[in-house]
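Chains, contacts and geometry: an overview
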Amino acid sequence: MDAMPKNLAELDTCASLYLRDIAEPEQNNLRLRIEEAIVMPDEITVKFGGAEIANCHLVKPTADSRLFEIVWGNYVAYSVANESYSTLNESEEFSGRFARLYSKSHFLDYISRATLANKEYPGPLLHIQLVCECHIIDVVSTKFPQVSKIGPRRSLVVSNQC
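First, a word on scope: everything that follows refers to the structure included in this document. In this text, all values refer to a predicted model and were calculated from it rather than measured experimentally.

Cut-offs applied
Residues numbered from 1 in each chain as written. Predicted model: local features only at pLDDT ≥ 70, side-chain atom pairs only at ≥ 80, totals over all residues. Heavy atoms only, no water. Helix = DSSP H or I, 4+ residues; strand = E, 2+ residues; numbered from the N terminus. Contact = heavy atoms within 4.5 Å. Areas by Shrake-Rupley, 256 points an atom, 1.4 Å probe, with all protein chains shown as cover. Lys, Arg positive; Asp, Glu negative; His and termini not counted. Charge placed at Lys NZ, Arg CZ, Asp CG, Glu CD. Phe/Tyr/Trp six-rings, centres within 6.5 Å; stacked < 30°, edge-to-face > 60°. Buried < 20%, exposed > 50% of the residue type's maximum accessible area, 1.4 Å probe, protein only. Patch = residues over 30% accessible without salt bridge, like charges linked within 9 Å, V, L, I, M, F, W, Y side chains within 5 Å. Salt bridge = Lys/Arg side-chain N within 4 Å of Asp/Glu carboxyl O. Core = buried A, V, L, I, M, F, W, Y, C linked by side-chain atoms within 4.5 Å. Polar contact = N/O pair within 3.5 Å; in protein donor to acceptor, adjacent residues only side chain to side chain. Pairing = 2+ DSSP bridges. Axes fitted to C-alpha atoms, helices over the stretch in contact; angles between N-to-C directions.

**A look at the overall build of the protein chain**
Within the protein chain one finds two helices and 10 strands. Listed N to C, the secondary structure of the protein chain is α-β-β-β-β-β-β-β-α-β-β-β in terms of helices and strands. Reported as C-alpha extents along the three principal axes, the dimensions of the protein chain are approximately 55 × 35 × 25 Å. Considering only residue pairs separated by 6 or more positions, the protein chain has 65% of its internal contacts joining residues 24 or more positions apart. Carbon and sulfur atoms make up 49% of the accessible area of the protein chain, which totals about 9700 Å². Positive and negative side-chain charges of the protein chain, numbering 16 and 21 respectively, have mean locations separated by a distance of 4 Å.

What follows is the structure, given as C-alpha cells:
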C-alpha cells in the first residue's frame, strides 16, 4: 500500500473535521475545504428522543481552527454520504483515522464494476476517504491530492449544523 502523504495525514491530528465546501472548479477537478473541530471544555446535557444524556461536550470549530484545502487535479469517481448512514465494514482494509487510505474497499469494488477504470487504465487506483462530522467523502483517483493549509477560520462565516 502507498504511504499517506504527510500533509494529508495531518488531518488525523485534529479532534474532528467538518466539510465546509465541495466544488469542481474545473472539469473533473475536485476541491474540498475541510475544517478542524475542537472538543469544547464545557459539559452540556443533550435531549434526544425523549431522553437526556448528561456530561456531553460540543465538538465545533473555533476561530483558531485549521482550514485545509484538498484538491484532486483529476479523479475517477467520488461520493459524498450522510455520515448518519455510514458503516464500518471489517472486510475493508485501510490506514488512517480521518484521512483513510484504503487497500481494499467496497467503493473500489464498485468502481471496478461500474467503470472502465482499472490498474492498467488509467493506472493503479487510490481510494481515499475523509471522515467528517455529518459527511463521509470517498475519492478514487490515480494520484494523491494536493493539500494546503489555507489558514484559520477567523475570516469565515460558517454554520455548524449538519
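**Observations concerning the packing of aromatic side chains**
For the structure on display, the rule yields three aromatic pairs. Judged by centre distance (5.1 Å) and plane angle (80°), the ring pair of Y75 and Y78 falls under edge-to-face. Under the relative-accessibility criterion, Y78 is labelled partly exposed at 30%. Residues F94 and Y102 carry aromatic rings whose centres are separated by 5.0 Å and whose planes lie at 45° to one another, so their mutual orientation is tilted. Y102 sits in the buried class, given a relative accessible area of 5%.

**Regarding a nonpolar patch on the surface**
Together, I44, V46, F48, I53 and L58 make up a nonpolar patch on the protein surface, roughly 430 Å² of accessible area in all. Secondary structure elements with two or more residues in the nonpolar patch: β2 (29-48) and β3 (51-60). Considering every element that reaches the nonpolar patch, the biggest residue donor is β2, with three residues. One can find F48 in strand β2.

**Let's talk about the nonpolar core**
Residues L8, L11, L32, I34, I70, W72 and L130 are the most contacted members of the largest nonpolar core, which totals 25 residues. Where this core is concerned, the elements lending two or more residues are β1 (16-26), β2, β4 (66-72), β7 (99-104), β8 (126-131) and β9 (135-141). Ranked by residues supplied to this core, first place goes to β8 with four residues. Excluding residues that lie within four positions of it along the chain, L130 makes contacts with L8, L11, L32, I34, I70, W72, F98, A99, H135, I136 and I137. By size, the runner-up hydrophobic cluster in this structure holds six residues, among which are A77, L108, A117 and V140.

**Some thoughts on the side chain of H127**
Examined against the element boundaries, H127 turns out to sit in strand β8. Judged by its relative accessible area of 1%, H127 falls in the buried class. A polar contact is formed between the side chain of H127 and the side chain of D138, at a distance of 2.7 Å. Apart from the residues within four sequence positions on either side, H127 is in contact with R100, L101, Y102, S105, F107, L108, D138, V139 and V140.

**A short note on the sheet that holds strand β5 (residues 77-82)**
Remark on secondary structure: sheet strands pair via backbone hydrogen bonds, oriented parallel or antiparallel. Pairing is antiparallel across the open sheet formed by five strands, whose spatial order is β5-β9-β8-β7-β6. The sheet is open, and its two borders are formed by β5 and β6 (93-95), each paired with just one other strand. Averaged over all neighbouring strand pairs, the angle between strand axes comes to 25°, with direction disregarded.

**Some points on the pairing of β9**
Here β9 lies mainly inside the structure; six of its seven residues are buried. Pairing geometry for β5 and β9, over six bridges, is antiparallel. Within β9, the residue paired with A81 across the bridge is I136. As judged from the six bridges shared by β8 and β9, these two strands associate in the antiparallel manner. Looking across to β9, one finds that L126 is bridged to S141. Taking the residues between adjacent antiparallel strands as the criterion, β8 and β9 are bridged by three residues, where C134 takes a positive phi near 80°.

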